[in-house]
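For reference, the chains in residue letters:
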Amino acid sequence: MSERFPDQNNTSATSYPTFPIGSVGYNLMLMRGTWHDQVELFHLDGRPLEDDTAAGSGTPGPSPFDNLVYLDFDGQRLQLTNVHFRGRKPTAKTFTGQLRDDLLVFDPLGPGAYENVGVSGGVGILTFNALTLNAACNVYMEPDFIMLTAPGQRVRHTVLYREGVATRTLTARGVRLSPTCDRRHELDPRGSEGPVHEEPFCASIWKHLA
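The model shown is predicted, which means the values in this text are computed figures rather than measured ones.

What counts as what
- Note that residues are indexed from 1 along each chain, following the sequence as it is written.
- Residue-level local features of this predicted model are given only where pLDDT is at least 70; pairs of side-chain atoms are given and counted only at 80 or more, and the full residue set underlies all totals for whole chains, interfaces and linings.
- Values shown for side chains rest on all heavy atoms present in the structure; no hydrogens or waters enter the calculation.
- Think of it this way: any DSSP run of H or I at least four residues long counts as a helix, any run of E at least two long counts as a strand, and we number them from the N terminus.
- Polar contact criterion, stated in full: a pair of N or O atoms within 3.5 Å, where within protein one must be able to donate a hydrogen and the other to accept it, and residues adjacent in sequence count only if both atoms are side-chain atoms.
- Contact criterion: two residues are considered in contact whenever any of their non-hydrogen atoms come within 4.5 Å of each other.
- Two strands are counted as paired when DSSP detects at least two bridges linking them.
- For the purposes of this section, nonpolar cores are sets of buried Ala, Val, Leu, Ile, Met, Phe, Trp, Tyr and Cys residues that join through side-chain atoms within 4.5 Å.
- Burial classification: accessible surface area is computed with a 1.4 Å probe over protein chains only, and a residue below 20% of its type maximum counts as buried, one above 50% as exposed, and the rest as partly exposed.

### What about the side chain of Thr 158?
- Along the polypeptide, Thr 158 turns up in strand E12 (residues 153-162).
- Within the structure, the side chain of Thr 158 is placed 3.5 Å from the side chain of Arg 168, a separation counted as a polar contact.
- Setting aside anything within four residues of it in sequence, one finds Thr 158 in contact with Glu 142, Pro 143, Asp 144, Arg 168, Thr 169 and Leu 170.

In structure tokens, the structure reads:
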């Protein structure tokens, strides 16, 4: 079964699977597209943090910085790519996953990693986080809270944990540049040619737990 699902930034309609309002699949459909995120880092008390290398970030560097975010979801499969294009060394990182039992289940983040899932907080709200707290979460964990705040606007907020201790927060304020992400945006430092998504990211920080 499918329905005509209008995009917030596009008056045309495309046929997509049917999802209950507020479900994980519904929210991923709402969030599809190419986004520009302006990202800032903070100490836990709210003071600006100029660099999160010492905090143990998975992709450390200075703050503030800008990301392109390509969020592609076909009703079953997710591909999500972040690309630094201002304020940090150009870097692209891709995450993938699929709907399973009405949750978004990310493909393994690396040997020994925790299982990362996407859950819903209602219409326009998603959280990406560990399904089960285990030893891998004590090594590194970064819950990711994403909220659509207006048509074509969103806020993404994370809390970074290293060795079981919170070390910094991150807040990204995003504007949708396009309702699709089938080609690289002109701001992409990788150039206009080539695939939008990279090979899925794989970390080695949990391998001693595998």
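Right, picking up where we left off after that structure.
### Topic: the pairing of strand E9 (residues 125-130)
- Strand direction decides the pairing type here: strand E8 (residues 116-120) and E9, joined by 5 bridges, are antiparallel. Note on E9: the bridge partner recorded for Val 117 is Asn 129.
- Where E8 folds back onto E9 in an antiparallel hairpin, the turn is made up of 4 residues, including Gly 122, whose phi is positive at roughly 110°.
- The pairing of E9 with strand E11 (residues 144-150) spans 4 bridges and is antiparallel. Among the inter-strand pairings, Leu 126 is bridged to a residue of E11, identified as Ile 146.

### Focus: the nonpolar core
- Counting 21 residues, the largest nonpolar core has Leu 28, Phe 73, Leu 78, Leu 99, Leu 104 and Phe 128 as the members making the most contacts within it.
- Listed by contribution, the elements that provide at least two residues to this core are helix H1 (24-31), strand E4 (65-73), strand E5 (77-86), strand E7 (103-106), E9 and E11.
- With 6 residues, the single largest contributor to this core is H1.
- Not counting chain neighbours up to four residues away, the residues in contact with Leu 78 comprise Leu 28, Leu 71, Asp 72, Phe 73, Phe 95, Thr 96, Gly 97, Leu 104 and Phe 106.
- In this structure, Ala 55, Ala 136, Tyr 140 and Met 141 belong to the second largest nonpolar core, which totals 12 residues.

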